[in-house]
Amino acid sequence: MTAEALNGSLLVVQTSLTLDGLRQLFDHRFLFFFLFLSAYMFALCSDGLVLVVICTRHSLHKPMYVFVAALLLNSLLGGSAIYPRLLWDLLWESGSVLVTLSACACQAWVVYTLGASAFMLLAAMAFDRYVAICRPMRYAAVVSPRAVAALLVFCWLLPAAMVGGTTLLAARQPLCLVRVNRLFCDVYSLIRLSCSGNEAQLTDVFALFSSVVTIMLPAAFVLFSYSSILFVCLCRTRSFSGKALRTCVPHLLVFINYSACSAVELLQRRLQAADQPAFSVLTSMLIILVQTVLNPVVYGLNMTSITGYVRRLLGSRKTD
């Protein structure tokens, strides 16, 4: 091989990647196209509807509903980072998809940032419920509008910075492999494809540290908060306990949803299961579909204050 050809092949390795996940879906790609399209349209309509209700109803301008709106917006942005390109590829591509390294790194940063932000927002919700139920006399002072705004900024900026650092470290390393057995790009695939042994290990450690800070610590705080709430409810009257727990159930369901998907994702990454294309694609579909569909269902059906306004809004449109 000549020097020019060798340099050219190295340039391709460093600037382009191949998403092989679509190969697993190619035989039934139109079925999956309508499945993903239906899920995306459902998320757009349902998340958008709940967001409109929360934004337009003054009675819902409370910290708990502000965090719900932020989480739904977070989920909507995450879906928009994956679904449009995935739908286009399913419809027009014939198998593997060639993407630039910069585009792949950008998608990985957005998806992982929003995933980590979801746990931070769930921790903020748990903090809101903890103060409201366990420290009700201090609620107005602690969970003030300024504190809510600061929490929202923190929940988005910290994951963006930490995931951004991990993604930048992974994208700057020379790549020896170019095939990603997933439907979308992720940080751990970039690390696994790199040639640098020590640098890749350092990036992997920083990625694990970022996961601990933005996912595991917020998850531990959520568990602590709801355990404290449960203990307080056991010591109060039945009517108080029932009302308090009903406000926590939707958040717990969403927390379990995100935790299950993240556990499967982290387990796959830790076990280096990228050599099992079917399992990699399955986890990709799980992350894309379950989180997109479940969040609006939980908040639209289990929070009666939102459900009532949604029914009124839809009813008024039908009468018009």
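Everything below is about the structure shown above.
Remember, it's a predicted structure, so these values are computed and weren't measured experimentally. (Residues numbered from 1 in each chain as written. Predicted model: local features only at pLDDT ≥ 70, side-chain atom pairs only at ≥ 80, totals over all residues. Heavy atoms only, no water.)

Colleague: Help me get a handle on the packing of helix α5 (residues 101-134) against helix α7 (residues 145-171), residues and values and all.
Modeller: In the contact formed by α5 and α7, the axes pass within 8 Å of each other and the chain directions differ by 150°. Comparing the axis directions of α5 and α7 gives the class roughly antiparallel. When the axes of α5 and α7 are compared, the crossing they make is right-handed. In this structure, α5 uses L101, A105, W109, Y112, T113, A116, S117, M120, L121, A124 and F127 to contact α7, whose residues at the interface are L151, L152, F154, C155, W156, L158, P159, A160, V163, G164, T167 and A171. When its residues are assigned to classes, the contact of α5 with α7 shows 19 nonpolar, four polar and no charged. (Axes fitted to C-alpha atoms, helices over the stretch in contact; angles between N-to-C directions. Helix = DSSP H or I, 4+ residues; strand = E, 2+ residues; numbered from the N terminus. Parallel < 35°, antiparallel > 145°, perpendicular 65-115°, else oblique. Left-handed = near helix turned anticlockwise from the far one by under 90°. Contact = heavy atoms within 4.5 Å. Nonpolar A, V, L, I, M, F, W, Y, C, P; charged D, E, K, R; others polar.)

Colleague: I'd love a proper account of the packing of aromatic side chains, names of residues and values included.
Modeller: Applying the stated criterion to the full structure yields nine aromatic pairs. Between the aromatic rings of F119 and F255, the centroid separation amounts to 6.4 Å while the plane-to-plane angle is 80°, which identifies the pairing as edge-to-face. Here F119, found in helix α5, pairs with F255, found in helix α10 (residues 238-270); they are 136 residues apart in sequence, far enough to count as distant. Accessibility assignment for this pair places F119 and F255 in one class, buried. Aromatic rings pair up to connect F32, F36, Y40 and Y83 into one cluster. (Phe/Tyr/Trp six-rings, centres within 6.5 Å; stacked < 30°, edge-to-face > 60°. Buried < 20%, exposed > 50% of the residue type's maximum accessible area, 1.4 Å probe, protein only.)

Colleague: Before we move on, could you go through the side chain of T167 and cite the residues and values that matter?
Modeller: Within the secondary structure layout, T167 lies in helix α7. Beyond its immediate stretch of four places on either side in the chain, T167 contacts A105, W109 and V187.

Colleague: Now, about the pattern of salt bridges: what can you tell me, with residues and values included?
Modeller: Enumeration according to the criterion identifies three salt bridges in this entry. A salt bridge links R182 to D186, with the shortest nitrogen-to-oxygen separation between them at 3.6 Å. Taken individually, R182 and D186 each receive the classification buried, so the pair is uniform in this respect. (Salt bridge = Lys/Arg side-chain N within 4 Å of Asp/Glu carboxyl O.)

Colleague: Which residues make up the state of the cysteines, and what values go with them?
Modeller: Inspection of the entire model under this criterion finds one disulfide. Residue C104 pairs covalently with C185 via a disulfide, S to S 2.0 Å. When the S-S torsion is -120°, as for the bridge of C104 with C185, the disulfide is left-handed. Of this pair, C104 sits in helix α5 while C185 sits in the loop between β3 (179-180) and α8 (187-193), placing them 81 residues apart in sequence. With a relative accessible area of 2%, C104 lands in the buried category. (Disulfide = S-S within 2.5 Å.)

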